[in-house]
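One-letter residues, chain by chain:
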Amino acid sequence: MGWKRYAIYWLPGGSLGRVGADWLGWDVRAGRDASGAAPDTERPRKYGFHATIKPPFRLADGMDEAGVTAASRGLAAGLAPAELGALAVTRLGRFLALTPDRNPASLAGIVVAGLDRFRAPAPPEELARRRANGLSDTQEALLAAWGYPYVLEEFRMHLTLTGPDPADATEARARDAFAPLTGPHVLDTLSLVGEAADGRFHLIADLPLGGDHGTRSARAASADPTA
């Protein structure tokens, strides 16, 4: 399939991943609709339940999917898993998200920079849309350098749960739905995803972080006993 854009996500597995997919109504891993989409989730649905590590980008001239997949896999293999701690339902600006106790900004920065050669420059209309939200001087510099204003020192890991201005009832429902799944969690696998023609994101490849796979699996199971 020819993807419009690529991105690097954290796609939680186990119960958290299943509940999150059902919450938003789109399963990135399975590439299909999921049951029980919650209110106020239409806007983030196409992206699926995820935390963005490298924001969506178009491939630069001369680059292809095989190259970005191989480079992503090699980069991930050289990174250590990151302890995230517990997750909490948080209001970020106008929307709800799950946020971790520990923000893996260093890991995210390595991924953003390490794969930047594959990124085509953002088109002017995309830059204008980003600027319309109002950017600080730092964010404007990051947008110019990396095509996105919320990377490196402005990065804050989050898993979006709603569109803007969700109802109070949606917030209460989110707290109930995710309360049993707070963790602690470990980021031990990244995922390369692609955006289809309809705007929905799909899993292309999982990218295990460096270290013993058996150890990673055991730690993930201890954090999610129902996985």
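To start, this report covers the structure provided alongside it.

To continue, consider the pattern of salt bridges. Counted according to the given criterion, the structure contains 11 salt bridges. Connected via shared salt-bridge partners are K4, R5 and E195.

Here we come to the packing of helix α1 (residues 14-24) against helix α7 (residues 168-178). Two numbers describe how α1 lies on α7: the axes approach to 11 Å, and their chain directions differ by 155°. What the angle tells us is that α1 and α7 run roughly antiparallel. Like other packed secondary-structure pairs, α1 and α7 cross with a definite hand, here right-handed. Contacts between α1 and α7 involve L16, V19, G20 and W23 from the first element and T170, R173, A174, A177 and F178 from the second. Of the residues that constitute the contact of α1 with α7, the class distribution is six nonpolar, two polar and one charged.

Another point: the packing of aromatic side chains. One pass over the full model with this rule turns up six aromatic pairs. Centre to centre, the rings of W23 and F178 are 5.7 Å apart; their planes meet at 70°, and the pair counts as edge-to-face. Of the two residues, W23 is situated in helix α1 and F178 in helix α7; the sequence distance between them amounts to 155 residues. As far as the burial class goes, W23 and F178 line up, both buried. With a centroid separation of 5.7 Å and an interplanar angle of 80°, the aromatic rings of Y148 and Y150 are classed as edge-to-face.

Of all the positions in helix α5 (residues 124-132), only E126, L127 and R130 are classed as buried. Seen from one end, α5 has its buried residues packed into an arc of 100°, which puts them on one side. Exposed side of α5, more than 90 degrees from the buried face: P124, E125 and A132 are the residues found there. Remark: G134 follows α5 within two positions and exhibits a positive phi of approximately 85°.

Analysis parameters
- Residues numbered from 1 in each chain as written.
- Predicted model: local features only at pLDDT ≥ 70, side-chain atom pairs only at ≥ 80, totals over all residues.
- Heavy atoms only, no water.
- Salt bridge = Lys/Arg side-chain N within 4 Å of Asp/Glu carboxyl O.
- Axes fitted to C-alpha atoms, helices over the stretch in contact; angles between N-to-C directions.
- Helix = DSSP H or I, 4+ residues; strand = E, 2+ residues; numbered from the N terminus.
- Parallel < 35°, antiparallel > 145°, perpendicular 65-115°, else oblique.
- Left-handed = near helix turned anticlockwise from the far one by under 90°.
- Contact = heavy atoms within 4.5 Å.
- Nonpolar A, V, L, I, M, F, W, Y, C, P; charged D, E, K, R; others polar.
- Phe/Tyr/Trp six-rings, centres within 6.5 Å; stacked < 30°, edge-to-face > 60°.
- Buried < 20%, exposed > 50% of the residue type's maximum accessible area, 1.4 Å probe, protein only.
- Arc of directions from axis to C-beta.

These results come straight from atomic positions and should not be treated as a statement about function.
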